[in-house]
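What follows is the residue order along each chain.
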Amino acid sequence: MAVISYREALRAAMREELKRDENVVIMGEEVAQFNGAYKVTEGLLKEFGPKRIVDTPISEAGFIGLGIGASMLGIRPVMELMFWSFSYVAFDQVVNNAGNIRYMSGGLINCPIVIRGPANGGTNVGATHSHTPEAILASHPGIKVVCPATPYDAKGLMKAAIRDNDPVYVMENTILYNDKAEVPDEDYIVPIGVADIKREGTDLTIVAHGRAVITSLKAAEILEKEHGVSVEVVDLRSIRPLDEETILASVRKTHRALLVEENKPFCGVDAQIAYLIQSRAFDELDAPIGRVSSIDAPQIYSKKLEDLQLPYPARVVAAALKVLA
């Protein structure tokens, strides 16, 4: 067991899979000689060489298409995007080709590609660099989407993603890259599609993913300390497939639900979860479902305003108290 950062956990996962399987390669803008835009791939070029750690031109449509084609022939590419916002210029490849080829080939052609990179606001880089597209991607059958919140989950989910025979899109958060926690040295995976109870509670269920999990845990501490409220925090970890039973079991225990995400609210992940709860656990609810999301506007450039646009602990606490009233 070692204390490492979220960034180091992702790197460790890729390093272990590169050693385990010679078909694993890493491709993307500046992943090799520059060690990655966020230094996630630091040192891998020196260790594995330019045939397996490959710098690409600044053309997402080009290199994502290259990776998808390679995956259909048995390679397991891990593709880095500087921002998931840039995936939109490769939307045909990301969604239409990768998501459909296994179905349209009758299961004869797999597409074991991983696309990873930052999918978050909060770093004051403007509206065109701050998308959280997990809801958009997860709405397409054939695609798997994961959002790790901790170093442990970052490593385990990345390893599971690389070994998966379907396209898996890993939504990271640059604000979490320096977060540190204990991570096992031995080989392990976090199964895709399995949520995790990050905090046990009895009065209120908070469902979150990505950095919203960390925000929710901070809010839960405040609610317990200042209001005597016992909060259970469910970390989705995986958006598609979604662990419906863990969500429902928690709501049936606490009888109240608050959904927290950094997505925009319209057609967001939590819209689907709210429908799930009301359709399968309506009689268990003692109050309407609450929701906290990013304020519904293009991402604000100003730091002070963007900090208010995203969920923050005080907003979550206020929404929780409304559900509990």
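Look up: the structure comes first, before these words.
If you're wondering where the values come from, they're calculated on a predicted model, not measured in any experiment. Per chain, residues are indexed from 1 in the order of the written sequence. Two thresholds apply to this predicted model, a pLDDT of at least 70 for residue-level local features and 80 or more for giving and counting side-chain atom pairs, whereas whole-chain, interface and lining totals are computed over all residues. Only hydrogens and water are set aside when side-chain values are computed; all heavy atoms of the structure are taken into account.

So what about the overall build of the protein? Which residues, and what values?
Scanning the protein from N- to C-terminus turns up eleven helices and 14 strands. Projected onto the principal axes, the alpha-carbon positions of the protein cover approximately 60 × 40 × 40 Å. Residue burial in the protein is summarised as follows: out of 325 residues, 55% are buried. Of the contacts made within the protein by residues no fewer than 6 positions apart, 81% connect residues no fewer than 24 positions apart. A helix here means a DSSP run of H or I that spans at least four residues, while a strand means a run of E at least two residues long, and both kinds are numbered starting from the N terminus. Throughout, exposure labels follow a simple rule: accessible area from a 1.4 Å probe, protein chains only, divided by the maximum for the residue type, with under 20% read as buried, over 50% as exposed, and the rest as partly exposed. In what follows, residue pairs with any heavy atoms lying within 4.5 Å of each other are defined as contacts.

Go over the pattern of salt bridges, please, and point to the residues and values.
Salt bridge, as used here: a side-chain nitrogen of Lys or Arg that lies within 4 Å of a carboxyl oxygen of Asp or Glu. Taken as a whole and assessed by the stated rule, the structure comprises 28 salt bridges. Residue arginine 102 is joined to aspartate 166 by a salt bridge in which the shortest nitrogen-to-oxygen separation is 2.8 Å. Residue arginine 102 is found in helix α4 (residues 91-104), and its partner aspartate 166 is found in the loop between α6 (151-163) and β7 (168-172); the two are separated by 64 residues along the sequence. Residue classification places arginine 102 among the partly exposed positions, given a relative accessible area of 38%. Using a relative accessible area of 13% as the deciding quantity, one classes aspartate 166 as buried. Here glutamate 244 and arginine 280 are joined by a salt bridge, their closest N and O atoms 2.9 Å apart. Note that glutamate 244 is positioned in helix α8 (residues 244-254) and arginine 280 in helix α9 (residues 269-280), a separation of 36 residues in sequence. Sharing partners across several salt bridges, the network here consists of Glu16, Glu17, Arg20, Lys155, Lys159, Arg163 and Asp187.

Now, about the side chain of arginine 76: what can you tell me, with residues and values included?
Along the chain, arginine 76 turns up in strand β4 (residues 76-80). What makes arginine 76 buried here is its relative accessible area of 15%. We define a polar contact as two N or O atoms separated by no more than 3.5 Å, with the added condition that, inside protein, one atom must be a possible hydrogen donor and the other a possible acceptor, whereas residues neighbouring each other in sequence contribute only through side-chain atom pairs. Reaching out from arginine 76, the side chain makes a polar contact with the backbone oxygen of isoleucine 162 at a distance of 3.1 Å. Excluding residues that lie within four positions of it along the chain, arginine 76 makes contacts with Asp21, Asn23, Val24, Val25, Pro112, Ile162, Arg163, Asp164 and Asn165.

For helix α11 (residues 313-324), give the residues involved together with the corresponding values.
Helical periodicity: at 3.6 residues per turn, an α-helix aligns residues three or four positions apart in one direction. A helix's residues, less one, multiplied by 1.5 Å, set its expected span. Taking 1.5 Å of rise per residue, the twelve residues of α11 would be expected to cover 16 Å, and the 16 Å separating its terminal C-alpha atoms lies within 8% of that figure. Next to the buried residues of α11 lie β10 (204-208), α7 (211-227), β13 (257-260) and β14 (290-292).

I'd love a proper account of the nonpolar core, names of residues and values included.
Joining through side-chain atoms within 4.5 Å is the link that ties buried Ala, Val, Leu, Ile, Met, Phe, Trp, Tyr and Cys residues into a set, and such a set is a nonpolar core. Counting 42 residues, the largest nonpolar core has Ile64, Ile115, Tyr169, Ile273 and Ile277 as the members making the most contacts within it. Of all the secondary structure elements, the ones that give two or more residues to this core are β2 (24-28), α3 (60-72), α4, α5 (134-138), β7, α8, β13 and α9. For the domain bounds, the source is a domain assignment made automatically or taken from a database. Each of two domains, domain 1 (2-183) and domain 2 (196-324), supplies a minimum of three residues to this core. Setting aside chain neighbours within four positions, we find tyrosine 169 in contact with Trp84, Val94, Ala98, Ile115, Leu137, Ile143, Lys144, Val145 and Val146.

Give a detailed account of empty space enclosed by the protein, specifying residues and quantitative values.
As defined here, a cavity is a set of points on a 1 Å grid over the protein atoms alone where a 1.4 Å probe fits but cannot get out. A pocket is an open set with protein on both sides within 12 Å along at least five of seven lines, and residues line them when an atom is within 4 Å of a point. Grid points are joined across faces, edges and corners, and a volume is the space filled by probe spheres set on the points. This model, assessed by the stated rule, comprises one cavity of 30 Å³ or more. The space that makes up the largest cavity amounts to roughly 130 Å³. As for the largest cavity, its lining consists of 16 residues, and the residues nearest its centre are Ala119, Glu134, Asn173, Gly210 and Arg211. Those elements giving two or more residues to the lining of the largest cavity turn out to be β7 and α7. Classification used: nonpolar for Ala, Val, Leu, Ile, Met, Phe, Trp, Tyr, Cys and Pro, charged for Asp, Glu, Lys and Arg, polar for all others including Gly. Residues of the lining of the largest cavity, tallied by class, amount to seven nonpolar, five polar and four charged. Both domains that meet at the lining of the largest cavity, namely domain 1 (2-183) and domain 2 (196-324), each give it at least three residues.

Can you break down the packing of α3 against α4 residue by residue, with the values?
The axes used here are C-alpha line fits, helices contributing only the stretch in contact, and every angle between their N-to-C directions lies in the interval 0 to 180 degrees. The contact between α3 and α4 brings their axes to 10 Å, and the two run at 5°. The angle between α3 and α4 falls in the class roughly parallel. On the side of α3, the interface is formed by Ala61, Ile64, Gly65, Ile68 and Met72, while α4 contributes Gln93, Val94, Asn97, Ala98 and Ile101. Of the residues in the contact of α3 with α4, the class split is seven nonpolar, three polar and no charged. Any angle that is under 35 degrees is reported as roughly parallel, and any over 145 degrees as roughly antiparallel; angles of 65 to 115 degrees are reported as roughly perpendicular and all others as oblique.

I'd like a rundown of the sheet that holds strand β6 (residues 144-146), residues and numbers included.
Ordered in space as β3-β2-β4-β5-β7-β6-β12, the seven strands form an open sheet in which the pairing is mixed. Of all strands in the sheet, those bounded by a partner on one side alone are β3 (53-55) and β12 (238-240). Averaged over all neighbouring strand pairs, the angle between strand axes comes to 20°, with direction disregarded. Only strands joined by at least two bridges in the DSSP assignment are considered to pair. Bridge analysis of β4 against strand β5 (residues 114-118) gives three bridges, and the strand direction is parallel. Bridge pairing in β5 places glutamate 80 opposite arginine 116. α3 contacts β2, β4 and β5 of the sheet and is inclined by roughly 165° relative to β4.

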